[in-house]
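Single-letter residue listing:
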Amino acid sequence: EVPLQHSGGGSVQAGGSLRLTCKARIYTYCMAWFRQAPGKDREEVATINGVFTTTYAASVKGRFTISRDNTKRALFLQMNALEPEDSATYYCAVASDSFTQCWSEAHYDSWGRGTQVTVSS
């Protein structure tokens, strides 16, 4: 068992949509989605803090939306207009401590096992 549970990955055609869900066991101020494709560095996709301030990687801004439900301790990533370049393993992550900014990968100390997203052309 892992502290962060993913769901919602899958395979879609270019232009399609997927919604990823991650549920944490405790409330955390900073929550984020990362992704990593084979042979590539891990990329920070989006972050959201406890008062719903968000940041996005330039590559996904306007297409992806990060959100959270604090009562359910859930994190979501709505992915629209998916492109083959979005294919990767997506990971949710949380920071045990609160930070002024949530964008830094170094803040995150709890990671899910990841869910595969495959976008075909």
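This write-up is about the structure you can find in this document. Note that the coordinates shown come from a computational prediction; the quantities given were computed from them, not determined experimentally.

### Thoughts on unusual backbone geometry
Part 1: For Phe52, which is not glycine, the phi dihedral falls at a positive 75°.
Part 2: Residue placement: Phe52 occurs in the loop between β5 (43-48) and β6 (54-56).
Part 3: Its identity as a non-glycine residue notwithstanding, Arg73 has a phi of 55°, on the positive side.
Part 4: Checked against the element boundaries, Arg73 lands in the loop between β7 (64-69) and β8 (74-79).

### A word on the pattern of salt bridges
Part 1: Applying the stated criterion to the full structure yields four salt bridges.
Part 2: Residue Arg35 is joined to Glu43 by a salt bridge in which the shortest nitrogen-to-oxygen separation is 2.8 Å.
Part 3: Overall, the relative accessible area of 27% leaves Glu43 in the partly exposed class.
Part 4: For Arg63, the salt bridge identified is with Asp86, shortest N-O distance 2.7 Å. Here Arg63, found in the loop between β6 and β7, pairs with Asp86, found in the loop between β8 and β9 (88-94); they are 23 residues apart in sequence, far enough to count as distant.

### Focus on the state of the cysteines
Part 1: Applying the stated criterion to the full structure yields two disulfides.
Part 2: Cys22 shares a disulfide with Cys92; S-S distance 1.9 Å. Here the disulfide of Cys22 and Cys92 is right-handed, its torsion about the S-S bond being about 50°. Separated by 70 residues along the polypeptide, Cys22 in strand β3 (residues 18-23) and Cys92 in strand β9 bring together distant segments of the chain.
Part 3: Look at Cys22 and you get buried, because its relative accessible area is 0%.
Part 4: For Cys92, a relative accessible area of 0% corresponds to the buried category.
Part 5: Each sulfur in the disulfide pair Cys30 and Cys102 lies 2.0 Å from the other. Across the disulfide from Cys30 to Cys102, rotation about the S-S bond amounts to roughly -70°, and the bridge is consequently left-handed. Placement of the pair is Cys30 in the loop between β3 and β4 (31-36) and Cys102 in the loop between β9 and β10 (110-111), with a sequence separation of 72 residues. Accessibility assignment for this pair places Cys30 and Cys102 in one class, buried.
Part 6: Among the cysteines of the protein chain that take part in disulfides, numbered as they appear in the sequence, the pairing is 1-3, 2-4.

What counts and how
- Residues numbered from 1 in each chain as written.
- Predicted model: local features only at pLDDT ≥ 70, side-chain atom pairs only at ≥ 80, totals over all residues.
- Heavy atoms only, no water.
- Helix = DSSP H or I, 4+ residues; strand = E, 2+ residues; numbered from the N terminus.
- Salt bridge = Lys/Arg side-chain N within 4 Å of Asp/Glu carboxyl O.
- Buried < 20%, exposed > 50% of the residue type's maximum accessible area, 1.4 Å probe, protein only.
- Disulfide = S-S within 2.5 Å.

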